[in-house]
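Geometric and topological summary
Given next are the chains, with one letter for each unit.
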Amino acid sequence: MVTLMFRTWILFSFGLSVSSVFSQTSERDSSATTSHPIAADEWDRPELPRITLLVWNVAKRVAARDELTGYAKGCDIICLQEYVPGIQAGDVPHSEFASSFRSWFSGKSTGVCTISQQPHVGSMAIRSRWREGYILTPKMTLVSTHAFGESRLMVVNLHGMNFQPFFTYMLRQQLFQIAESVEQHKGPVIVCGDFNTWSRRRQQLVDVALSDCQQVDFPKHEHRKTADWFVSLVGGNPTLPLDHVYTRGIRVVDPPKVLVTKHSDHAPLKVTLELATP
């Protein structure tokens, strides 16, 4: 509780204060395991659960279907942003979708989607309190719990607030919502997605909010086309990565990979992780 209060004080010291959290949730089960420190010898046990994670902002491109199908092979959990239902090919084992926008013209929705090989044991959708600048749409976050042996893994799939070139209070408030959920969970955690960290100040907000987590170190890469940046975020730094994976109670067992795409302005991220025993 002290940790959460301290983190909240730091987050709100960056600028304007915001009002209380407002979210839409649909929760099936909020069960969690008992807290357990990670001992060094636990990493050496061969029965520790391993998962392969794919994270990708598919930019609402149905044309990315073939790439997604190929990259999804062998993955246990797939976290997608700017997802359009039907973009995946073939059968999807288990999935949760939270819509942030529905087109008046086509009737199609877009949002965040978490796909997993095993059914989740609980899920919750969180809508941002604020809406994006001129497009007036909220950002959605999916929080799901997955059973791997005796472990209860929390996966947070988020799309960060974006169109706010001069202030950071919208992103700060969204991160506070996420940090609160992570703080309450006592098992391993993955927080991943498109954080829209196009400035160092924004990256600092993320690092403070997720100070209990470790950031997965992906190879340096270029995510976007420069022209896209100029149109959407004047003053944004195109050399900073937008997409990240943070973990707690988990270690990386294989070198993280940045995959190639022809269709999205975000590169898919892929990594194999190992969970600690509960």
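Residues numbered from 1 in each chain as written. Predicted model: local features only at pLDDT ≥ 70, side-chain atom pairs only at ≥ 80, totals over all residues. Heavy atoms only, no water.

1. Here's the deal with the environment of V182
The line we're drawing: Put simply, DSSP H or I for four residues or longer makes a helix, DSSP E for two residues or longer makes a strand, and each gets a number counted from the N terminus. Note on contacts: a residue pair is in contact if any heavy atoms of the two residues lie within 4.5 Å.
Looking at where V182 falls in the secondary structure, it is placed in helix α3 (residues 169-184). Residues V182 and V156 lie 26 residues apart in sequence; the distance between their C-alpha atoms is 8.5 Å. Residues in contact with V182, not counting those within four places in the same chain, are M154, V156, V189, V191, C213 and R248.

2. Some remarks on unusual backbone geometry
Cut-off, in case you're wondering: Only protein chains enter the accessibility calculation, which uses a 1.4 Å probe. A residue is then buried if its area is under 20% of the maximum for its type, exposed if over 50%, and partly exposed in between.
Positioned with a positive phi, E82 is a non-glycine residue whose angle comes to about 50 degrees. Within the secondary structure layout, E82 lies in strand β2 (residues 77-83). Among the residues examined, E82 registers a relative accessible area of 18% and is labelled buried. Despite not being glycine, N196 shows a phi value in the positive range, around 50 degrees. Mapped onto the secondary structure, N196 falls in the loop between β8 (189-194) and α4 (200-209).

3. What about the confidence of the model for the protein chain?
The following threshold applies: What pLDDT conveys is the predictor's confidence in a given residue, as a value from 0 to 100.
Counting all residues, the mean pLDDT for the protein chain is 76, and 67% of those residues have values of 70 or more. Taken as a whole, residues 8-46 scores under 50 in pLDDT and shows 79 contacts with residues more than four places along the chain or in a different chain.

4. Considerations on the pattern of salt bridges
Quick note on the threshold: One speaks of a salt bridge when a side-chain nitrogen belonging to Lys or Arg is within 4 Å of a carboxyl oxygen belonging to Asp or Glu.
Per the counting criterion, the structure on display carries two salt bridges. Across the pair E274 and R50 runs a salt bridge, and its minimum N-O distance is 3.0 Å. One end of the pair, E274, is in strand β13 (residues 269-275); the other, R50, is in strand β1 (residues 50-57), and 224 residues separate them in sequence. E274 gets classed as buried once you look at its relative accessible area, which sits at 3%.

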